Amino acid sequence: MKNPAPTRRLTTAQALVAFLARQYTERDGRRQRLIGATWGIFGHGNVAGIGQALVETGHGGNGTAHRMPYLQGRNEQAMVHAAVGYARQSGRLSAHAVTTSIGPGATNLVTGAALATINRLPVLLLPGDTFATRPADPVLQQLEVPYAGDVSVNDCLRPVSRYFDRITRPEALIPAALQAMRVLADPAETGAVTLALPQDVQAEAYDWPEEFFAERDWHIRRPAPDAYELETAVRAIRSARRPLIVAGGGVRHSAAEETLAAFTAATRIPVASTQAGKGALRHDHPADVGGIGHTGTATADELARTADLVIGIGTRFSDFTTASGTLFTDPAVRFLHLNITAFDAHKLAALPLVADARAGLEALTAALAGRGYRVDPAYETEYTGAKEAWEERVEASFATPDPTARPTQTQVLGLLDDLVTEEDILINAAGSLPGDLHKLWRTRSRDQYHVEYGYSCMGYEIPAAIGVLLAAGTQQRTRPVWALVGDGTYLMNPTEIVTAVQENLPLKLLILQNHGYASIGGLSESVGAERFGTAYRHRDPDGGFTGPPLPVDLAANAASLGLRVLRAATVDDLRKALSEARDAEGPTCVYVETETPDTVSGPPPAQAWWDVPVAETASRPAAVKAREEYDRQVAARRRHL
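Enquirer: Lay out the overall build of the chain with the relevant residues and their values.
Expert: If you tally the helices and strands in the chain, you get 24 helices and 23 strands. Here the chain has a C-alpha radius of gyration of 26 Å; the compact-globule value for 641 residues is 26 Å, and the two agree. Along the longest, intermediate and shortest principal axes, the C-alpha atoms of the chain span 80 × 70 × 55 Å. Looking at the chain as a whole, 57% of its 641 residues are labelled buried.

See below:
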């Protein structure tokens, strides 16, 4: 008689934590934990399940190798943002899990999950769920759906998750957990992964096969291009007179920066970058022409307008990148997309090159070698000269002629630009800062520029900075990590300041107080909405918001949450405060009230259009005028078929 396979009796939650602690990824010979830690806020839906498992299984077991570190969050959405920041800084090779209770704890995950999936970044969500056995119906925080007894608020996570399952029996965890790891580690499918965990099932015991807890390595593949697609791509490049590369986030996810540099060295094709792709080349690389699209540089956008071949590498070609279909205006323009997902590679009726970014660039470089392709020297002279001219505009925007004046936002960036080295990391996500940064920032290293613009989520910056600080462990905690936020963004989600203080992470928080939604205020004006509802001011007698600025002291608020705060009133004050914050060993905030920009220190205007529909009928002159401009711009839109 054969001996029965060994088993281990654990609760479902204990088994899940033990399983997660033994999952690894491997790419290019480098091995690391797939799930590096678990964030959690506990309530009745997970405290006796995952919470107890983190105490018993997560911090016990066989030595420290299979422990599951726990991180205490203050807001469920913020915990997901921190996990996303960690995953991006880890090159998508390691991720964090996030556990919540049922009800509002679970629904608070939705925004973070959407952000993760849109940006193709892995995060594991473990929300508690209502009872699978339904001993009482309804239970606290349960959503009752009269037509479906198996629906809960966790179903809100289905459309924003790359994989979703509800574990209604302990044994169902085994296939679901394996599928979850597969998706998290898949470079083409990754994003938010949700395992909804009914609270009774979390605490239910089961005899688990020991082999479920064996260490597993999930290989991160680098698929090479198809031979036919490669040859087609090579022919397209060789026939191009004015090719332009658009580098997206896939370059970074693939760690293909050096390969891209080698490709441009051989071909001299200029490289523009999306928000996610900025840093694919250093700012001073001869082929780097800066950001592209609505928030791009004049250099990149002019090249885009005359390009006959646009080579996308790891980009989704969003409307900001394409200027809502108005940027690529050459009548004969064609597109070639190198992307690991076929879905993206076929956008804009492109010639697809479905492959890993590094593997695809290596294949293109090798295939072009010996065939004598290089752009015309006159084209190279043109874009390098245009780049130099743009740099003069950057210098003018950063200039601070009066050190005793209150700085503008672009002057703040200029002072930071003077201070940082390739070690610094800048994090931003929403408002007017992404546009200024995309146009003006001089990126010095592959991971310095961390702007989340796939979802452009206010409140991302502070928790993401915590995730970035955690990503590299204690050896890189000395790297300065800056979270740049406006007052509107700060008010959305300052809660994880407490986490930074608790963990003594050297976060550098830079708060720019401009008394409202500066970006949307400008957009509102441009579409004829007259900046309605965008200023943080007292009401006026007519019911509007044109009174004095609200007496809100964000510096005092940050200090009350435990930060050391440095206030800066002038350019000179700010220069000193930024330097002091950069050298600080603990979490530090620099607070500055910014001045409205003038013609010298303001950012250059948008170099390309963005489609925000304007009222077709209106009585107010501002809206009528805005509609006339809209009709003029939209007439240039083109579908690339």
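Enquirer: Summarise the nonpolar core; cite the residues concerned and give the values.
Expert: In a soluble, globular protein the nonpolar side chains are often hidden away together inside. If you look at the biggest cluster of nonpolar residues, it comprises 52 residues, and the most contacted ones within it are Ile 237, Leu 260, Ile 292, Ile 313 and Phe 328. When residues in this core are grouped by element, the largest group, six residues, is from helix α14 (residues 357-368). What Phe 328 contacts, discounting residues up to four positions off in sequence, is Ile 292, Ala 304, Val 310, Phe 317, Thr 321, Thr 322, Val 333, Phe 335, Arg 638 and His 640. Val 80, Ala 192, Ala 429 and Cys 457 belong to the second-largest nonpolar core, a separate cluster that totals 51 residues.

Enquirer: Mind laying out the sheet that holds strand β6 (residues 95-100), listing which residues take part and the relevant values?
Expert: Spatially, β5-β4-β6-β7-β9-β8 is the arrangement adopted by the six strands of the open sheet, whose pairing is parallel. Looking at which strands have only one partner, the edges of the open sheet turn out to be β5 (70-72) and β8 (163-166). Adjacent strand axes in the sheet meet at a mean angle of 20° when their direction is disregarded. With four bridges joining them, β8 and strand β9 (residues 192-198) adopt parallel strand pairing. Bridge pairing links Arg 166 to Ala 196 in β9.

Enquirer: Please give an account of the environment of Asp 186 that cites residues and values.
Expert: Looking at the element boundaries, Asp 186 is found in the loop between α6 (173-184) and β9. Considering only alpha carbons, one finds Asp 186 and Arg 221, 35 residues apart in sequence, at a separation of 7.8 Å. In this structure the side chain of Asp 186 is engaged in a polar contact, spanning 3.3 Å, whose partner is the side chain of Arg 221.

Enquirer: Explain the environment of Thr 133 to me, and be specific about the residues and the numbers.
Expert: Relative to the helices and strands, Thr 133 is located in the loop between β7 (123-129) and β8. It is 42 Å that separates the C-alpha atoms of Thr 133 and His 253, two residues lying 120 residues apart in sequence. Among the polar contacts listed, one links the side chain of Thr 133 to the side chain of Asp 200, at a separation of 2.6 Å.

Enquirer: So what about the packing of aromatic side chains? Which residues, and what values?
Expert: Taken as a whole, this structure holds 13 aromatic pairs when the rule is applied. Summarising the aromatic geometry, the rings of Tyr 379 and Tyr 383 are spaced 5.7 Å apart at their centres and angled 80° between planes, so their arrangement reads as edge-to-face. One end of the pair, Tyr 379, and the other, Tyr 383, are both in helix α15 (residues 377-398), four residues apart, so they sit about a helical turn from each other. Across the pair, exposure class does not vary: Tyr 379 and Tyr 383 are buried alike. A network of ring pairs unites the aromatic residues Phe 19, Tyr 206, Trp 208, Phe 212 and Phe 213 as a single cluster. One residue, Arg 8, lies across the ring of Phe 213, its end atom 4.4 Å from the ring centre. Lying over the aromatic face of Tyr 24, Arg 31 brings its terminal NZ or CZ to 3.7 Å of the ring centre.

Enquirer: Residues and numbers for the packing of helix α3 (residues 76-89) against helix α18 (residues 461-471), please.
Expert: The angle between the axes and the distance between the axes are what describe a pair of packed helices. One can describe the packing of α3 onto α18 by two numbers: an axis separation of 7 Å at closest approach and a directional angle of 40°. Relative to α18, α3 is oriented oblique. Here α3 runs over α18; the crossing is right-handed. Contacts from Ala 78, His 81, Ala 82, Gly 85, Tyr 86 and Gln 89 of α3 reach α18 at Pro 463, Ala 464, Gly 467, Val 468, Leu 470 and Ala 471. Among the residues forming the contact of α3 with α18, the class breakdown is eight nonpolar, four polar and no charged.

Enquirer: Lay out the pairing of strand β20 (residues 481-486) in plain terms, naming residues and giving numbers.
Expert: In terms of burial, β20 is a largely internal element, six of the six residues being buried. Residues Val 481, Ala 483 and Val 485 of β20 are buried on one face, and the alternating residues Trp 482, Leu 484 and Gly 486, pointing to the opposite face, are buried as well. Strand direction decides the pairing type here: β20 and strand β21 (residues 507-513), joined by six bridges, are parallel. Across the sheet, the residue bridging to Gly 486 is Leu 512, located in β21.

Enquirer: If you had to explain the side chain of Asp 356 to someone new, which residues and values would you point to?
Expert: Looking at the element boundaries, Asp 356 is found in the loop between β17 (351-354) and α14. In this structure the side chain of Asp 356 is engaged in a polar contact, spanning 2.8 Å, whose partner is the side chain of Ser 254. Residues within four places of Asp 356 in sequence aside, it is in contact with Arg 222, Pro 223, Ser 254, Leu 338 and Ile 340.

Enquirer: An account of the packing of helix α1 (residues 12-20) against α6 is requested, with residue identities and associated values reported.
Expert: Packing of α1 against α6 leaves a shortest axis separation of 11 Å and a crossing angle of 30°. Two packed elements cross with a definite hand, and for α1 against α6 that hand is right-handed. Of α6, the residues touching α1 (which contributes Thr 12, Ala 15, Leu 16, Phe 19 and Leu 20) are Leu 173, Ala 177, Leu 178 and Met 181. Looking at the contact of α1 with α6, its residues break down into eight nonpolar, one polar and no charged.

Enquirer: Quick one: what's the story with the sheet that holds β17, residue by residue and with numbers?
Expert: Strand order in the open sheet formed by six strands is β14-β13-β12-β15-β16-β17, and the pairing between neighbours is parallel. Each end of this open sheet is capped by a strand with a single partner; those strands are β14 (288-291) and β17. Neighbour to neighbour, the strand axes of the sheet diverge by 20° on average, direction disregarded. By the bridge criterion, three bridges tie strand β13 (residues 271-273) to β14 in an arrangement that is parallel. Looking at β14, one finds that Val 271 is bridged to Asp 288.

Enquirer: Which residues make up empty space enclosed by the protein, and what values go with them?
Expert: Overall, the coordinates contain six cavities of 30 Å³ or more when judged by the stated rule. Here the largest cavity defines a volume of roughly 130 Å³. Residue lining of the largest cavity: 15 residues in total, with Asp 288, Gly 290, Thr 297, Trp 390 and Glu 391 positioned closest to the centre. Those elements that provide at least two residues to the lining of the largest cavity are β14, α15 and α17 (433-440). It is α15 that provides the largest number of residues to the lining of the largest cavity, a total of four residues. Of the residues that constitute the lining of the largest cavity, the class distribution is five nonpolar, four polar and six charged.

Enquirer: With reference to specific residues and values, describe the side chain of Thr 588.
Expert: Mapped onto the elements, Thr 588 comes out in strand β23 (residues 588-593). Polar contacts involving the side chain of Thr 588 include one to the main-chain carbonyl oxygen of Gly 586, which spans 3.0 Å. In contact with Thr 588, not counting residues within four places along its chain, are Leu 507, Lys 508, Leu 509, Leu 563, Arg 564, Leu 566 and Ala 581.

Enquirer: Describe unusual backbone geometry, naming the residues involved and giving the relevant values.
Expert: With an omega of 10°, the peptide bond between Asp 137 and Pro 138 qualifies as cis. Structurally, the position occupied by Pro 138 is in the loop between β7 and β8. Notably, Arg 120 is not glycine yet its phi reads approximately 60°, a positive angle. Relative to the elements of secondary structure, Arg 120 occurs in the loop between α5 (110-118) and β7. One non-glycine residue, Ser 324, adopts positive backbone phi at about 55°. Summarising the element assignment, Ser 324 is placed in the loop between α12 (319-322) and β16 (334-339). Classification of Ser 324 as buried rests on a relative accessible area of 8%.

Scoring rules and cut-offs
- Every chain begins its residue count from 1, and numbering advances along the sequence as written.
- Side-chain atom pairs in this predicted model are given and counted only at pLDDT of 80 or more, local residue features only at pLDDT of at least 70, and totals for whole chains, interfaces and linings cover all residues.
- Processing note: side-chain calculations cover all non-hydrogen atoms of the structure and skip hydrogens and water entirely.
- Secondary structure is summarised from DSSP: a helix means a run of H or I of at least four residues, a strand means a run of E of at least two, and numbering begins at the N terminus for each.
- Taken over C-alpha atoms, the radius of gyration is set against a globule rule of 2.2 Å times the number of residues to the power 0.38.
- Residue burial is assigned from relative accessible area. The probe radius is 1.4 Å, only protein chains are included, and a residue is buried under 20% of its type maximum, exposed over 50%, and partly exposed in between.
- Here, nonpolar core means buried Ala, Val, Leu, Ile, Met, Phe, Trp, Tyr and Cys residues that are tied together by side-chain atoms lying within 4.5 Å of each other.
- For this analysis, residues touch if any pair of their heavy atoms sits within 4.5 Å.
- Strands are labelled as partners when DSSP assigns at least two bridges between them.
- Here an axis means a line fitted to C-alpha atoms, over the contact stretch when the element is a helix, while the angle between two N-to-C directions is reported on a 0 to 180 degree scale.
- The term polar contact refers here to a pair of N or O atoms within 3.5 Å; inside protein, the definition further demands a hydrogen-donor-capable atom paired with an acceptor-capable atom, and it admits residues adjacent in sequence only when both atoms are side-chain atoms.
- Planes of paired rings set the category: under 30 degrees apart is stacked, over 60 is edge-to-face and the rest tilted, where pairs are Phe, Tyr or Trp rings (Trp by its six-membered ring) whose centres lie within 6.5 Å.
- Counted as over-ring charges are cases with an Arg CZ or a Lys NZ within 6 Å of the ring centre that also lie within 35 degrees of the ring normal.
- By definition in this entry, angles of less than 35 degrees are roughly parallel, angles greater than 145 are roughly antiparallel, angles of 65 to 115 are roughly perpendicular, and the rest are oblique.
- Crossing handedness: left-handed means the near helix sits turned counterclockwise from the far one by under a right angle, and right-handed means the same turn made clockwise.
- Three residue categories are used. Nonpolar comprises Ala, Val, Leu, Ile, Met, Phe, Trp, Tyr, Cys and Pro, charged comprises Asp, Glu, Lys and Arg, and polar comprises the others, including Gly.
- Cavity and pocket criteria rest on a 1 Å grid covering protein atoms alone: a 1.4 Å probe that fits but cannot get out defines a cavity, protein on both sides within 12 Å along at least 5 of 7 lines defines an open pocket, and an atom within 4 Å of a point defines a lining residue.
- Grid points are joined across faces, edges and corners, and a volume is the space filled by probe spheres set on the points.

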